[in-house]
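Structural overview for review
The primary structure of each chain is shown beneath.
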Amino acid sequence: MIAQSWLDEIAWNADGLVPAVAQDAASGEVLMLAWMNRESLARTVASGEATYWSRSRGALWRKGETSGHVQKVVEVRLDCDGDTVVLRVESVGGVACHTGRRRCFFRLLEGAGGERRWSVTDPVLEAPADHG
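Residues numbered from 1 in each chain as written. Predicted model: local features only at pLDDT ≥ 70, side-chain atom pairs only at ≥ 80, totals over all residues. Heavy atoms only, no water.

**A word on the pairing of strand β5 (residues 71–78)**
- Pairing geometry for β5 and strand β6 (residues 85–91), over seven bridges, is antiparallel. By the bridge assignment for β6, valine 73 is matched with valine 89.
- Linking β5 to β6, which pair antiparallel, is a turn of six residues; within it glycine 82 sits at a positive phi near 75 degrees. (Pairing = 2+ DSSP bridges. Helix = DSSP H or I, 4+ residues; strand = E, 2+ residues; numbered from the N terminus.)

**Quick notes on a nonpolar patch on the surface**
- Together, Trp6, Val45 and Val76 line one region of the surface with nonpolar side chains, adding up to about 240 Å² of accessible area.
- As for its placement among the helices and strands, valine 76 is situated in strand β5. (Patch = residues over 30% accessible without salt bridge, like charges linked within 9 Å, V, L, I, M, F, W, Y side chains within 5 Å. Areas by Shrake-Rupley, 256 points an atom, 1.4 Å probe, with all protein chains shown as cover. Salt bridge = Lys/Arg side-chain N within 4 Å of Asp/Glu carboxyl O.)

**Describing the nonpolar core**
- Judged by nonpolar contacts, the single largest core of 19 residues is most densely connected at Met32, Met36, Leu41, Tyr52, Val85, Leu87 and Val89.
- Listing elements by their share of this core, those giving two or more residues are β1 (18–24), β2 (30–36), α2 (38–47) and β6.
- Among the elements that make up this core, the one with the highest residue count is β2 (four residues).
- Once residues within four sequence positions are removed from consideration, valine 85 is found in contact with Val18, Pro19, Ala20, Val21, Leu41, Val76, Arg77 and Leu78. (Core = buried A, V, L, I, M, F, W, Y, C linked by side-chain atoms within 4.5 Å. Buried < 20%, exposed > 50% of the residue type's maximum accessible area, 1.4 Å probe, protein only. Contact = heavy atoms within 4.5 Å.)

**Brief notes about the environment of aspartate 8**
- Here aspartate 8 lies in helix α1 (residues 5–8).
- It is 10.0 Å that separates the C-alpha atoms of aspartate 8 and glycine 82, two residues lying 74 residues apart in sequence.
- Reaching out from aspartate 8, the side chain makes a polar contact with the side chain of arginine 38 at a distance of 3.0 Å. (Polar contact = N/O pair within 3.5 Å; in protein donor to acceptor, adjacent residues only side chain to side chain.)

Scope: geometric values only; no functional claims are made or implied.
Set out below in structure tokens:
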């Protein structure tokens, strides 16, 4: 186990995870949400590149390890409750989403009443890749 006092100040959930929002350091745009455990956050801070915890694979993954779309971390912030991390990043290659889009939040709820629907707003910039 990694023993660092700043890590102890985080309110890890029952699975030992904390949500991490990746935000473009220049524009403030929210790029994606992922999960981190103690080791992934410690590696992120030590290396300066975002490393997350994949719940589906049960393993660490460094963002961009297969896609090349590394996230260079400019700043790490913790919210007031200590239960959410924000990584302000420079996204190498301009793609954060495994669908090949700039951000994961590319669907916009449109319409009114019973006519609401999700509309795709962002183009695919690169062929979809795995979550790396």
